[in-house]
Amino acid sequence: KKAWLVLSMVINLGVLGIFKYSNFVLQSVSDFVGLFGVDAGLPTLSIILPVGISFYTFQSMSYTIDVYRGDMKAHRGFLEFLAALSFFPQLVAGPILRAQHILPQLDVMPVPTWSNVKQGMLLIVAGLIKKTFADLLAGPAAMAFDSSIPICSMDAWIGALAFSGQIYGDFSGYTDIAIGVALLMGFHIPQNFNLPYFSSSPVDFWRRWHISLSSWLRDYLYISLGGNRNGHRTRNVFLTMLLGGLWHGAAWTFVFWGAWHGVIITVTHWLTNSVVGKWVDLHHNRLIAALKMLLTFYLVLIGWVFFRATSFGGAFTMLEQ
């Protein structure tokens, strides 16, 4: 059984690695040896990234791991399995579907109800409104991040705040549309965002932001690494967030973004169990709650600078301003 699991993981991660990360690795190796004055001359691959590859590879792995762990039985219908992997409403930007959630629905092919249609249409309209605002915010964000001339502090603040609104509106809006389209066909797919910018801590943020990814990383990576056991929580959190950052894109800025969240989540765990954290919990009120939300949003905003910047130099320039 373990051999089949390993084969499945190698195939899924191999496909993802070749298409998404091969050029990143080749370029990184070339840049590294270039520091020593050596021209590696490594060729890059002229390949096109398949649509949705980050999502259906994770969905495929979740099925294999669930069957291996005994959390679900192997499914005999190959057509239904392929349909689950290529379920078109959410294929491009999520949420990440798990086989144990979508396969039972594909087996029965639910008939959409009038309630499904109403709720689905409302979500589609809400998603389109969010994406419209995201497009409006893309301009101010680009002016700050892609500027060829030095920017001032006001430009940096406007750009960072605009991008935080842009990425939420774009990502959350798309998933609203995906959930709505699925409802029009009678399918229920899980919520992916829950007011993330009102989070009270970085830990709370990842319970609200891209919920399907954070829960996937928790269940299949963090727990597999050992979770909170054996005193290795800090290491496991950091590795999980590091790989979560790399999942978002093949660039060192994404890796740093994941590492940043690993750091602030680790600090949050430490503070929660400290004297200061216990005092804050004991004297919790609306003012403290508001301050915690503002501090969390500020820490997330710093992360978004690295997520959006095309280079570390550009990111540090933004932060300096």
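Since the model is a prediction, treat every value here as computed from it, not as a measurement. (Residues numbered from 1 in each chain as written. Predicted model: local features only at pLDDT ≥ 70, side-chain atom pairs only at ≥ 80, totals over all residues. Heavy atoms only, no water.)

The next point concerns unusual backbone geometry. Between G94 and the following residue, P95, the backbone shows a cis peptide bond with an omega angle of 5 degrees. Mapped onto the elements of the fold, P95 is located in the loop between α3 (78-85) and α4 (99-108). The backbone phi angle of L195 is positive, close to 50 degrees, even though this residue is not glycine. (Helix = DSSP H or I, 4+ residues; strand = E, 2+ residues; numbered from the N terminus.)

Once that is clear, we can look at the pattern of salt bridges. Counted according to the given criterion, the structure contains six salt bridges. Between D219 and R98 there is a salt bridge; the shortest N-O distance is 2.8 Å. You can see D219 sitting in helix α8 (residues 211-225) and its partner R98 sitting in the loop between α3 and α4, a full 121 residues away along the chain. D219 sits in the buried class, given a relative accessible area of 15%. On the basis of relative accessible area, R98 is assigned to the buried category, the value being 17%. Across the pair R218 and D219 runs a salt bridge whose closest N-O atoms are separated by 2.8 Å. The class for R218 is partly exposed, based on a relative accessible area of 44%. (Salt bridge = Lys/Arg side-chain N within 4 Å of Asp/Glu carboxyl O. Buried < 20%, exposed > 50% of the residue type's maximum accessible area, 1.4 Å probe, protein only.)

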